[in-house]
Amino acid sequence: MKAIYPGTFDPITNGHLDVIERAARLFTEVIVAVAVNPEKHPFFDMDERVAMIRESTEHLSNVETVAFPGLLVDLAAQLGAQVIVKGLRAVSDFEYEFQMAQMNRKLNPGVETVFMTTASQYSFLSSSMAKQIVKLGGDISDLVPAPVLRRLRERLASEG
Ligand code: PNS
């Protein structure tokens, strides 16, 4: 069975990677789908976000990464994926995720949303928090994959 793991991934964190690794053991194929999301102004552009995910998931032979500009359920139909995987960190994630799952079911009842709880050591972690900590000189080397750490440091060095 093929699953889609969607998100903004600005950038991918070890919390996301943990969900991808666990999903890759459950499903025959996992497509990491990076949303264009025009309402957000990402720190990393689409090519960088996709490249960081590809580099971080190189060890997973059944994982692929794609960018998508449209509706998630349309991508699922186009790729023949029956499942949307979402990670839940805390109860605070639930309301928004529940709303999206209900809307996606209304848009395409053939696609099922499956929630996976985040590993406890990453339950407090978000992409925005990781970016903020590194900008303020904190250490996030155990919170993001190595390709992300490298790019964050390069980017901050270039910005002075
Ligand atoms: O990492 P995020 O920002 O929480 O991910 C949100 C995402 C990308 C999963 C969501 O915004 C999404 O699915 N966008 C694609 C557009 C879409 O299908 N919208 C309707 C969903 S109810």
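It should be emphasised that the depicted structure is a prediction, and the values quoted were computed from it without experimental measurement.

This paragraph deals with the site of the ligand. Surrounding the ligand, one finds 13 residues, the nearest of these being T8, A35, K40, L71 and L72. One of the side-chain N or O atoms of K40 is found 2.8 Å from an oxygen atom in the ligand. Within the backbone of L72, one N or O atom sits 2.8 Å away from an oxygen atom of the ligand. Calculation on the ligand without its partners gives an accessible area of 540 Å², and the protein chains cover 77% of this total. Residue assignment for the shell around the ligand shows that the elements contributing at least two residues are β1 (2-7) and α4 (91-107). Here the element with the most residues in the shell around the ligand is α4; it accounts for three residues.

It is worth spelling out the packing of aromatic side chains at this point. A complete count under the given rule lists three aromatic pairs for this structure. Seen in terms of ring centroids, F43 and F44 are 5.0 Å apart; in terms of plane orientation they differ by 85°. Their pairing is edge-to-face. In this structure, F43 and F44 share a single accessibility class: buried. Residue placement shows R155 over the ring face of F43; its charged tip is 4.0 Å from the ring centre. Between the NZ or CZ atom of R155 and the centre of the ring of F44, over which it lies, the distance is 5.7 Å.

Calculation notes
- Residues numbered from 1 in each chain as written.
- Predicted model: local features only at pLDDT ≥ 70, side-chain atom pairs only at ≥ 80, totals over all residues.
- Heavy atoms only, no water.
- Near = heavy atom within 4 Å.
- Polar contact = N/O pair within 3.5 Å; in protein donor to acceptor, adjacent residues only side chain to side chain.
- Areas by Shrake-Rupley, 256 points an atom, 1.4 Å probe, with all protein chains shown as cover.
- Helix = DSSP H or I, 4+ residues; strand = E, 2+ residues; numbered from the N terminus.
- Phe/Tyr/Trp six-rings, centres within 6.5 Å; stacked < 30°, edge-to-face > 60°.
- Buried < 20%, exposed > 50% of the residue type's maximum accessible area, 1.4 Å probe, protein only.
- Lys NZ or Arg CZ within 6 Å of the ring centre and 35° of its normal.

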